[in-house]
Amino acid sequence: MQTELFTVPMIEGHETEIQKAADLIRAGQLVGIPTETVYGLGADALNPEAVANIYAAKGRPSDNPLIIHLPNDVRWLDRYCVEVPPLAYELAETFWPGPLTMILRRNPVVPDRTTGGLDTVGVRCPDHPVTRAIIAAADVPIAAPSANTSGRPSCTTAAEVMEDVGGKIAAVVDGGPCAVGVESTILDLTCTPPKLLRPGGMPLEQLEAVCGEIEIDPAVLRSMQAGERPRAPGMKYRHYAPKAPVTVFTGNPEATAAAIAKQAGEGSGVICFTECLDYFPNAITVDLGSVEDKQEQARRVFSALRSFDRTQVTAIYAQCPDPAGLGLAVGNRLKKAAGFHVVEVQG
Ligand code: AMP
Ligand code: MG
């Protein structure tokens with residue numbers, strides 16, 4: 001299949017491409033769409049055949065449910081979810097459009113294929129004007145997992161979407177590089193207190209300011225053991241992984257840089273903070289951004305992981321940010337890429 005590329009840097013003057021993308025979605029086709037978090041692989045969430053094609057194009061296990069993307073309008077929330085608690089409206093009011101996915105009880109109009117057979121559904125309103133315009137023009141919720149091939153790091157540019165699923169989908173809408181760079185934060189509101197299922201672009205601290213106590217699902221912090229079932233089914237799969245094995249080092253930046261420097265020779269790849277680039281003269285280094293600039297780290301983490309697949313490195317070492325703010329999401333993506341192979345450096 002020839003994948004069409006629509007370049008849509010803004011809505012004005014690009015109404016035709018937006019309408020074409022919406023028409024493809026309505027016709028049951030797959031379209032790569034820009035969001036502020038990562039690129040999504042979109043289809044009509046109410047069309048089970050279209051949704052089945054998402055799983056096929058990504059090679060995604062069929063028990064891993066999709067997030068549905070809605071306009072910023074509570075009437076749509078009420079259309080696809082039932083027993084919506086007051087807190088969900090408050091969170092939507094405060095954080096949408098934005099990188100927060102809420103897990104709510106599903107209305108059965110949302111097909112089993114979309115929710116992986118669960119009686120809940122993940123809903124979010126993305127903060128990207130082009131994709132919101134496509135949803136409005138299609139007039140259906142768009143189911144969209146991250147657009148990467150299953151298991152690979154997520155895509156933060158249209159070119160990466162083409163690299164992973166070009167030839168398998170009808171079109172990709174290039175809305176520029178993703179402003180946030182990591183996926184949405186997933187909060188389960190079907191339990192009390194609410195539960196963090198995946199850290200992401202909306203920092204936990206900001207959610208706690210509205211919700212009070214939030215429980216953290218164990219799958220956020222460690223790998224699942226045989227027989228354990230995380231509440232976000234996607235959290236049990238190896239994810240985000242480049243071809244070479246990854247080891248993550250936690251601790252203060254000077255100490256982790258020194259520890260990595262002892263191991264990283266020629267043939268190694270290192271993901272490090274800007275301040276530590278000089279520690280690894282023989283390795284191939286990728287700059288994750290400054291220690292203090294977690295927004296930049298979030299924007300860069302997936303392309304950093306991906307970049308090593310264009311090299312011959314046989315081992316990758318990564319410095320991990322502290323868990324405050326976006327550091328929880330950046331560290332989680334690095335640790336998942338490492339299969340939770342983590343070295344805790346003291347000092
Ligand atoms: P992705 O689209 O690649 O960001 O993956 C979506 C993530 O949301 C996966 O980890 C899913 O397991 C999770 N997810 C989607 N819907 C639900 C749901 N109803 N309950 C729990 N987790 C969900
Ligand atoms: Mg994904």
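Definitions and limits used
- Residues numbered from 1 in each chain as written.
- Chains lettered and ligands numbered in written order.
- Predicted model: local features only at pLDDT ≥ 70, side-chain atom pairs only at ≥ 80, totals over all residues.
- Heavy atoms only, no water.
- Helix = DSSP H or I, 4+ residues; strand = E, 2+ residues; numbered from the N terminus.
- Rg over C-alpha atoms; globule rule 2.2 N^0.38 Å.
- Buried < 20%, exposed > 50% of the residue type's maximum accessible area, 1.4 Å probe, protein only.
- Contact = heavy atoms within 4.5 Å.
- Areas by Shrake-Rupley, 256 points an atom, 1.4 Å probe, with all protein chains shown as cover.
- Lys, Arg positive; Asp, Glu negative; His and termini not counted.
- Charge placed at Lys NZ, Arg CZ, Asp CG, Glu CD.
- Near = heavy atom within 4 Å.
- Polar contact = N/O pair within 3.5 Å; in protein donor to acceptor, adjacent residues only side chain to side chain.
- Nonpolar A, V, L, I, M, F, W, Y, C, P; charged D, E, K, R; others polar.
- Axes fitted to C-alpha atoms, helices over the stretch in contact; angles between N-to-C directions.
- Parallel < 35°, antiparallel > 145°, perpendicular 65-115°, else oblique.
- Left-handed = near helix turned anticlockwise from the far one by under 90°.
- Pairing = 2+ DSSP bridges.

Quick look at the overall build of the protein chain
Scanning the protein chain from N- to C-terminus turns up eleven helices and 17 strands. The C-alpha radius of gyration computed for the protein chain amounts to 20 Å, which stays within 12% of the reference 20 Å derived for 347 residues, consistent with globular compactness. Along the longest, intermediate and shortest principal axes, the C-alpha atoms of the protein chain span 55 × 45 × 40 Å. The 347 residues of the protein chain split such that 59% are buried. Sequence separation of at least 24 residues holds for 66% of the intrachain contacts in the protein chain that already meet a minimum separation of 6. Looking at the protein chain as shown, the accessible area adds up to about 13,900 Å², and 50% of this sits on carbon and sulfur atoms. The distance from the centre of the 30 positive side-chain charges to the centre of the 41 negative ones in the protein chain is 6 Å.

A closer look at the site of ligand 1
By nearness alone, 21 residues border ligand 1, and Asn-64, Pro-145, Ser-146, Arg-198 and Gly-234 come closest of all. Within the side chain of Arg-198, a nitrogen or oxygen atom sits 2.7 Å from an oxygen atom of ligand 1. Protein burial of ligand 1: of its 490 Å² of free accessible surface, 96% is covered by the chains. Those elements that place two or more of their residues in the shell around ligand 1 are strand 7 (120–124) and strand 11 (195–198). In terms of residue class, the shell around ligand 1 is built from twelve nonpolar, five polar and four charged.

Focus: the packing of helix 1 (residues 15–26) against helix 6 (residues 129–138)
At a minimum axis separation of 8 Å, helix 1 and helix 6 run at an interaxial angle of 55°. Taken as axis vectors, helix 1 and helix 6 run oblique relative to one another. Once helix 1 is placed against helix 6, the crossing between them reads as right-handed. Mapping the contact onto sequence places Ile-18, Gln-19, Ala-21, Ala-22, Ile-25 and Arg-26 in helix 1 and Ala-133, Ile-134, Ala-137 and Ala-138 in helix 6. In the contact of helix 1 with helix 6, the residues fall into eight nonpolar, one polar and one charged.

Some remarks on unusual backbone geometry
In this structure, the amide linkage connecting Trp-96 to the following residue, Pro-97, adopts the cis form with an omega of -5°. Its place among the elements puts Pro-97 in the loop between helix 4 (86–95) and strand 6 (100–106). Between Thr-192 and the following residue, Pro-193, the backbone shows a cis peptide bond with an omega angle of -10°. Turning to its location among the elements, Pro-193 is positioned in the loop between strand 10 (185–188) and strand 11. Positive phi values are uncommon outside glycine, yet Tyr-240 reaches one of about 60°. Considering the arrangement of structural elements, one finds Tyr-240 in the loop between strand 12 (215–216) and strand 13 (246–250). Among the residues examined, Tyr-240 registers a relative accessible area of 1% and is labelled buried.

Topic: the pairing of strand 16 (residues 315–319)
Remember that side chains alternate between the two faces of the sheet whenever the strand is regular. Within strand 16, five of the five residues are buried, which leaves the element mostly enclosed by the surrounding structure. Of the two faces of strand 16, the one carrying Ala-315, Tyr-317 and Gln-319 and the one carrying Ile-316 and Ala-318 are both buried. Taken together, the four bridges between strand 13 and strand 16 define a ladder with parallel strand orientation. Within the sheet, the bridge partner assigned to Thr-247 lies in strand 16 and is Tyr-317. When strand 14 (residues 268–273) meets strand 16, the two strands line up parallel, connected through four bridges. Among the inter-strand pairings, Ile-271 is bridged to a residue of strand 16, identified as Ala-318.

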